[in-house]
Amino acid sequence: MMVDYQMLLENAKSARERAYTPYSRFKVGAAVLTASGRIFHGCNIENAAYPVCLCAERSALAAAWSAGETEFVAIAVVADTPGPVAPCGMCRQFMFELAPDMPVLLANLADQTQPTTPRELLPGGFARESLTAND
């Protein structure tokens, strides 16, 4: 499937505007394209109990998975950062679990981009195979 990364990035920027960030004021948006051609949006949602916060990447992927879309083609993530936004460790693991080789486009509002994959973002990531090591 051909990916229109500019369109995916624009979707991520739109999702970013819906972020709930009363504490950090750091808005992040994500848009994931599935194999069926559908796009799912995600934004970060903060909580006064900080560990309960939900990142944009996980929000988008969870929305897609919950809708029955389990094959991911690409994801774009955007924030107002000096360079392309860096996903947190939890999001790196989450993306690695669901689609380790999926193209990931990291970006900022100045349209600086960095293409990568979950496998590149999380070398030696904890995988399903890691759980069967003791069998």
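A brief structural summary.

Rules used in this analysis
- The written sequence of each chain sets the order in which its residues are numbered from 1.
- Only residues with pLDDT of at least 70 are given local features in this predicted model, and only at 80 or more are side-chain atom pairs given and counted; all residues enter the totals for whole chains, interfaces and linings.
- Side-chain measures here rest on the full set of heavy atoms in the structure, leaving out hydrogens and waters.
- At least two bridges found by DSSP between two strands is the condition for calling them paired.
- The secondary structure listing takes helices from DSSP runs of H or I that are at least 4 residues long and strands from runs of E that are at least 2 residues long, numbered from the N terminus.
- Here an angle of 0 to 180 degrees is reported between the N-to-C directions of two axes, which are lines fitted to C-alpha atoms, with helices fitted over the stretch in contact.
- Burial status follows relative accessibility: with a 1.4 Å probe on protein chains alone, a residue under 20% of its type maximum counts as buried, one over 50% as exposed, and anything between as partly exposed.
- Note on definitions: salt bridges are taken to be side-chain nitrogens of Lys or Arg within 4 Å of carboxyl oxygens of Asp or Glu.

1. Regarding the sheet that holds strand 4 (residues 104-108)
- Taken together, 5 strands build an open sheet; the order of strands is 2-1-3-4-5 and the sheet is mixed. The strands lining the two open edges of the sheet, one partner per strand, are strand 2 (39-43) and strand 5 (113-116). Strand-to-strand twist of the sheet, defined as the mean angle between neighbouring strand axes without regard to direction, takes the value 15°.
- Pairing analysis gives 5 bridges linking strand 3 (residues 72-79) to strand 4, with the strands arranged parallel.

2. Brief notes about unusual backbone geometry
- At Arg-25, a residue that is not glycine, the phi angle is positive and equals roughly 60°.
- By secondary structure assignment, the location of Arg-25 is in the loop between helix 1 (5-16) and strand 1 (28-34).
- For Asp-111, which is not glycine, the phi dihedral falls at a positive 65°.
- Checked against the element boundaries, Asp-111 lands in the loop between strand 4 and strand 5.
- The partly exposed category is assigned to Asp-111, whose relative accessible area is 42%.

3. Remarks on the pattern of salt bridges
- In this structure the tally under the stated criterion is 5 salt bridges.
- The residue Glu-17 makes a salt bridge to Arg-16 at a minimum N-O spacing of 2.9 Å.
- Using a relative accessible area of 51% as the deciding quantity, one classes Glu-17 as exposed.
- Overall, Arg-16 belongs to the buried group, its relative accessible area being 11%.

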